[in-house]
Amino acid sequence: MLIRVEIPIDAPGIDALLRRSFNGNGEADLVKALREDGLLTLGVVATDDEGQVVGYVAFSPVAVEGEELQWVGLAPLAVDEAYRGQGLAKKLVYEGLDSLNEFGYAAVVTLGEPAMYERFGFVPAAQYGLRCAWPDTEAYFLIHPLADDALNGVSGLVEYHEHFNREF
């Protein structure tokens, strides 16, 4: 198993993994659109011994109340069914968080299952006065500060790129 930053040759494998993992085209088409528009801040893949993509996590820019603060959103995260329950999602997320921290990013937000993401160090964003645009998601909208001062004086609407609002 190798975990590394994605490279262009990984795109078809990432696409196939996302289509399998989410039983549809939405996440795969989202990542493709973000990639085509240069909006993937970071993509991390896990490959098996044959070089096949078996895990993936993407990070793309977000703004807070229209202001760019070096924050990114984590989405999507996928692990091939045969590799689930082995800690691969955790390894992918940690590799991404470590890389983003090294690159000077301040915080990462995600919309996901709190029980899973809290194990990775995410906390409810609402406790910092942060929210996302989608209704009834307060309990699922989480943040992981990377910089000590990332949350100082920051609150309001965290805005994902418009691609997240498109129907693919």
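Anything mentioned here points back to the structure above.
These numbers were taken from a predicted model, which means no experiment stands behind them. Per chain, residue numbering runs from 1 following the sequence as it is written. It should be noted that, the model being predicted, local features are given only for residues of pLDDT at least 70 and side-chain atom pairs only at 80 or more, the latter also being counted only at that level, while totals for whole chains, interfaces and linings use all residues. Calculated side-chain values reflect all of the structure's heavy atoms, with hydrogen atoms and water omitted.

A.B. asks: If you had to explain the overall build of the protein to someone new, which residues and values would you point to?
C.D. replies: Secondary structure elements are taken from DSSP: a helix is a run of H or I of four residues or more, a strand is a run of E of two residues or more, and numbering for both begins at the N terminus. The helix and strand inventory of the protein stands at 4 helices and 9 strands. Reading the protein from its N terminus to its C terminus gives the helix and strand order β-α-α-β-β-β-α-β-α-β-β-β-β. For this measure, only C-alpha atoms enter the radius of gyration; the expected value for a globule follows 2.2 Å times N^0.38, where N is the number of residues. Relative to the globule expectation of 15 Å for 168 residues, the C-alpha radius of gyration of the protein, 15 Å, shows essentially globular dimensions. With the C-alpha coordinates of the protein rotated into their principal frame, the extents come out at 50 × 30 × 30 Å. Each residue gets one of three labels from its accessible area relative to the maximum for its type: buried under 20%, exposed over 50%, partly exposed in between, using a 1.4 Å probe on protein chains only. Residues classed as buried in the protein amount to 46% of the 168 residues present. For the protein, long-range pairs separated by at least 24 residues make up 66% of all intrachain contacts whose partners lie at least 6 apart in sequence. Element-wise, carbon and sulfur atoms account for 47% of the exposed surface of the protein, whose accessible area totals about 8,700 Å². Residues are treated as being in contact if the distance between any of their heavy atoms lies within 4.5 Å. Using the Shrake-Rupley algorithm and a 1.4 Å probe, accessible areas are obtained, with residue cover drawn only from the displayed protein chains.

A.B. asks: Hey, could you go over the pairing of strand S9 (residues 156-160) for me, with residue numbers and the actual values?
C.D. replies: For two strands to be treated as a pair, DSSP must find no fewer than two bridges joining them. Pairing analysis gives 3 bridges linking strand S3 (residues 53-64) to S9, with the strands arranged antiparallel. Bridge pairing in S9 links alanine 63 to glutamate 159. Pairing of strand S7 (residues 130-132) with S9 involves 3 bridges; the strand directions are parallel. Bridging from a neighbouring strand, leucine 130 pairs with glycine 156 of S9.

A.B. asks: How would you summarise unusual backbone geometry if you had to cite specific residues and measurements?
C.D. replies: Of note, the amide linkage connecting alanine 75 to proline 76 takes the cis form, showing an omega dihedral of -5°. At glutamate 65, a residue that is not glycine, the phi angle is positive and equals roughly 50°. The residue glutamate 65 is located in the loop between S3 and strand S4 (67-79) in this model. Glutamate 65 sits in the partly exposed class, given a relative accessible area of 49%. Its identity as a non-glycine residue notwithstanding, aspartate 136 has a phi of 60°, on the positive side. Aspartate 136 gets classed as exposed once you look at its relative accessible area, which sits at 79%.

A.B. asks: Would you mind going over the layout of surface pockets in detail, with residue names and values included?
C.D. replies: In this model, the largest pocket occupies a volume close to 720 Å³. Along its surface, the largest pocket is lined by 32 residues, and Phe22, Pro76, Leu77, Ala78 and Tyr117 are the ones closest to its centre. Counting residues per element, the ones that place at least two in the lining of the largest pocket are helix H2 (26-36), S4, helix H3 (88-102), strand S5 (107-111) and helix H4 (114-117). Per-element accounting of the lining of the largest pocket gives the leading share, 6 residues, to S4. In this analysis a 1.4 Å probe is tested at points of a 1 Å grid over the protein atoms alone, and where it fits but cannot get out there is a cavity; an open set with protein on both sides within 12 Å along at least five of seven lines is a pocket; lining residues have an atom within 4 Å of a point. Grid points are joined across faces, edges and corners, and a volume is the space filled by probe spheres set on the points.

A.B. asks: Describe a negative patch on the surface, and please don't skip the residues or the numbers.
C.D. replies: Exposure above 30% relative accessible area and no salt bridge define the residues that can form patches, which grow by joining like charges within 9 Å and nonpolar side chains of Val, Leu, Ile, Met, Phe, Trp and Tyr within 5 Å. The working definition used for a salt bridge is a side-chain nitrogen of Lys or Arg within 4 Å of a carboxyl oxygen of Asp or Glu. The charge count treats Lys and Arg as positive and Asp and Glu as negative. His and the chain ends do not count. By convention, the charge on Lys lies at NZ, on Arg at CZ, on Asp at CG and on Glu at CD. On the surface, Glu65, Glu67, Glu68 and Glu159 cluster together into a patch of negative charge. Topologically, glutamate 68 is positioned in strand S4.

A.B. asks: Before we move on, could you go through the environment of aspartate 15 and cite the residues and values that matter?
C.D. replies: Mapped onto the secondary structure, aspartate 15 falls in helix H1 (residues 11-21). Relative accessible area serves as the criterion here: at 23%, aspartate 15 is assigned to the partly exposed category. It is 20 Å that separates the C-alpha atoms of aspartate 15 and proline 61, two residues lying 46 residues apart in sequence.

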